[in-house]
Amino acid sequence: MGERKNGYQVKLFNVQDLCLIKLKITCADNKCESANPTKSEQFTPTQFVPQPSSVDMSEPSCLESENVNSGVNDLNPRPPEIENPNVLLDLDLDQESMRMPGLETLDLSRNQIPNDLMSNFGDRLFQNLTNLHQLELSFNSFKSMSSKTFLYNRNLRELFLAGNRFRQFPFNLQYTPNLRVLDLRFNDLITLTADVRYSLDKLATDNKGFNLYLEGNVLSCGCHDIQFLLWMKLTIVNMDLDRNYSCIDTDGVSRHTESITDLGAYWRKCTGESFLWFSIIMFCLMFIGFLLCFFVTKYKTYIISGLLNLFSETFLKKPSNYEIGVFIGYADRDYQFACHDLRQFIEDTLGLTTFIRDRDLSPSTDLASATVQAIDRSWRVLLVVNETFLSRERWFLFMCRAATSALTSANPKRIVVLVEDQLRHRLPAELSRVVLEENIVVTRGNFLDYDLKEKLRTRLVEWNHLTQV
């Protein structure tokens, strides 16, 4: 793709990516315009054009068809020689053609450069322009570019990216430590991330000033971008429009950033509902946790029994597993009610055997040990609680402790308590804690009516139903 002139190679630039681009070149010594040899002139090493410092590739034109030649010294490469610097029709942006390290200003605006070129090869386009100070890439409809596009352009001071379609900040600011002007007007930016904001503040501090232009972007001023709004008010970065940009709030309403004067109140409005729901959820969790602790503490035996029953119903014991059907605990004053009325109903109607100390123990028997043994051998322990029974504190407590110690997960509803209504609150805590509420039956004195009989029937006989927790 080249020819020889007097022993030196001349390369033609014919590239598809940037078609029909008008090119103007100016140099630091203002001698570029007079150093344009014609085709008839001889090409010698002394006729190389001085290195350009400014290239304007704006205003595309496809009306003419000319080639641009660049001279390249094989032994000592130099900047390209351009036969006609006014019109550039085809340009090959490879490493050879863009080897102009002295170039300071480059204008590529309004050229409809393919987005894929910037996204996939952006880090290679400008890698040889190490002295570039000003770059114009506005109005090319870029949606994205490689984050390393300016990896080799550490001297870049002014960058113009207006009129594109960036929704996010397009490049990494750590590669442009000398950047002082950044034009992002009329893009689709919504917000700036915390990392970008930090980098902008650092550039403003290190370079003693930084100008950022965001006009024409519809920013977000919703609840998720409060930190961004706060940054715009406090940053030392110079911004256009007095930092008053159009934005959309959480409710989808269009407003301006300066209309949000009290960020503290705005934050409370945004977070108030969230904190309310958080508080409600935390309260519910605490309440549920309290209930779980309460029920586990009070009904531990029944819970274990119920869980075991889910896996093996045969684990729970039946009346046939015990020698005695019902152990009846009572005070001496209730002898008639316990030994006659209750005993007769349980034995004759319910068909269960009973244990009554006045009938089944001899006077010489140790009452305490015999009571414990009888409770261990009984399917149910029925305690008849009245004022007399409670007044015998030591014996009553012994009876309660013997009954509660016999309570197991294999027979979780073993204890049934008959208590008068006015004495319900005087039951010992150790008894109330382990006896299920439904097994504490309130009576109206020593009277065996129909209601009490039915309650005793369901609690003493129907074991299969009752043991389901």
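A brief structural summary. Nothing here was measured: the structure is a model prediction, and the numbers come from that model.

Side note on the state of the cysteines
Disulfides are covalent bonds that connect the sulfur atoms of two cysteines.
Then comes step 1: For the structure shown, the criterion picks out two disulfides.
Then comes step 2: With a sulfur-sulfur separation of 2.3 Å, Cys221 is cross-linked through a disulfide to Cys247. Here the S-S torsion is close to 80 degrees, and the disulfide linking Cys221 with Cys247 is therefore right-handed. Of this pair, Cys221 sits in the loop between strand 13 (219–220) and helix 3 (226–234) while Cys247 sits in strand 15 (residues 246–248); the two residues are 26 residues apart in sequence, bridging distant segments of the chain.
Then comes step 3: Paired through a disulfide, Cys223 and Cys270 show a sulfur-sulfur distance of 2.2 Å. Residues Cys223 and Cys270 share a disulfide whose torsion about the S-S bond is about -80 degrees; that sign makes it left-handed. With a gap of 47 residues between them, Cys223 in the loop between strand 13 and helix 3 and Cys270 in helix 4 (residues 263–298) connect regions that are remote in the sequence.

A few points about the environment of Leu179
Then comes step 1: Residue position: Leu179 is located in the loop between strand 10 (158–160) and strand 11 (181–183).
Then comes step 2: Sequence spacing of Leu179 and Asp206 is 27 residues, and the spatial spacing of their C-alpha atoms is 10.0 Å.
Then comes step 3: In this structure, Leu179 is in contact with Leu156, Arg157, Glu158, Leu159, Phe171, Leu173, Leu203, Asn207 and Phe210, ignoring residues within four places of it in sequence.

What about the packing of helix 2 (residues 194–206) against helix 3?
Then comes step 1: Closest axis-to-axis distance for the helix 2/helix 3 pair is 11 Å, and the angle between their directions is 10 degrees. If you check the angle between helix 2 and helix 3, you find them roughly parallel. On helix 3, the residues that touch Arg197, Leu200 and Asp201 of helix 2 are Gln227, Phe228 and Trp231.
Then comes step 2: Of the residues in the contact of helix 2 with helix 3, the class split is three nonpolar, one polar and two charged.

Analysis parameters
- Residues numbered from 1 in each chain as written.
- Predicted model: local features only at pLDDT ≥ 70, side-chain atom pairs only at ≥ 80, totals over all residues.
- Heavy atoms only, no water.
- Disulfide = S-S within 2.5 Å.
- Helix = DSSP H or I, 4+ residues; strand = E, 2+ residues; numbered from the N terminus.
- Contact = heavy atoms within 4.5 Å.
- Axes fitted to C-alpha atoms, helices over the stretch in contact; angles between N-to-C directions.
- Parallel < 35°, antiparallel > 145°, perpendicular 65-115°, else oblique.
- Nonpolar A, V, L, I, M, F, W, Y, C, P; charged D, E, K, R; others polar.

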